[in-house]
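Take a look at the letters that make up each chain.
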Amino acid sequence: MSPDGTQAYVSQFAGGYVDGRYMPGLVAVVDLDRGRVATRIAVDAHPFALALAASGEDLYVTHYFHREGQGLVTHVDVKRTAIVRRIVLEADDDSGEGS
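The text that follows walks through the structure, step by step, so that each part is easy to find. For every chain, the first residue of the written sequence is number 1, and numbering continues from 1 along that sequence. Local features are withheld for residues below a pLDDT of 70 in this predicted model, meaning they are given only at 70 or higher, and side-chain atom pairs are given and counted only at 80 or more; totals for whole chains, interfaces and linings count all residues. The side-chain numbers reported here are obtained from all heavy atoms of the structure, hydrogens and water having been left aside.

1. Thoughts on the overall build of the chain
Okay, step 1: Helix numbers and strand numbers start at the N terminus; a helix is a DSSP run of H or I with at least 4 residues, a strand a run of E with at least 2. Of regular secondary structure, the chain possesses 0 helices and 9 strands.
Okay, step 2: The order of α-helices and β-strands along the chain, N terminus first, is β-β-β-β-β-β-β-β-β.
Okay, step 3: Dimensions along the principal axes, computed over C-alpha positions, put the chain at roughly 45 × 35 × 25 Å.
Okay, step 4: For the exposure calls, accessible area comes from a 1.4 Å probe over protein chains only, and a residue counts as buried if that area is under 20% of its type's maximum, exposed if over 50%, partly exposed in between. Within the chain, the proportion of its 99 residues that are buried is 27%.
Okay, step 5: Residue contacts are counted whenever heavy atoms from the two residues lie within 4.5 Å of one another. The contacts of the chain with a sequence gap of at least 6 include a subset with a gap of at least 24, amounting to 22%.
Okay, step 6: We get accessible surface area from the Shrake-Rupley algorithm with a probe of 1.4 Å; when it comes to residues, only the shown protein chains can shield them. Entry remark: accessible area of the chain is about 6600 Å², with carbon and sulfur atoms responsible for 48%.

2. Quick word on the pattern of salt bridges
Okay, step 1: One side-chain nitrogen of Lys or Arg within 4 Å of one carboxyl oxygen of Asp or Glu is enough to make a salt bridge. This model, assessed by the stated rule, comprises 3 salt bridges.
Okay, step 2: Note that glutamate 57 and lysine 79 form a salt bridge whose closest N and O atoms lie 3.4 Å from each other. Remark: lysine 79 occurs in the loop between β8 (71-77) and β9 (82-89) and glutamate 57 occurs in the loop between β6 (47-52) and β7 (58-63); sequence separation between them is 22 residues.
Okay, step 3: Note on glutamate 57: relative accessible area 36%, which makes it partly exposed.
Okay, step 4: The exposure class assigned to lysine 79 is exposed, which follows from its relative accessible area of 66%.
Okay, step 5: The shortest N-O distance in the salt bridge between aspartate 77 and arginine 80 comes to 3.1 Å.

Shown next, in the form of structure tokens:
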């Protein structure tokens, strides 16, 4: 949720359509005053957990599945609704069960 409480950010794990084009991953920006999606931000496939910086300007999106065991975090500028960078995390050798 934005610091002023007017917007919420929701990961669309299965993706969706924007302007008639399918996007494999989206983050919906919800206008809480109007109770509807204001815009969608296209990100890589399977967006999962979201973390908003205290400033309310930077959103970090983790992705559930990525290539060959690597992790992925997408850094989004919410004011510009644009991807700033993709942070690829090294493969985790711990393939054990549990946390």
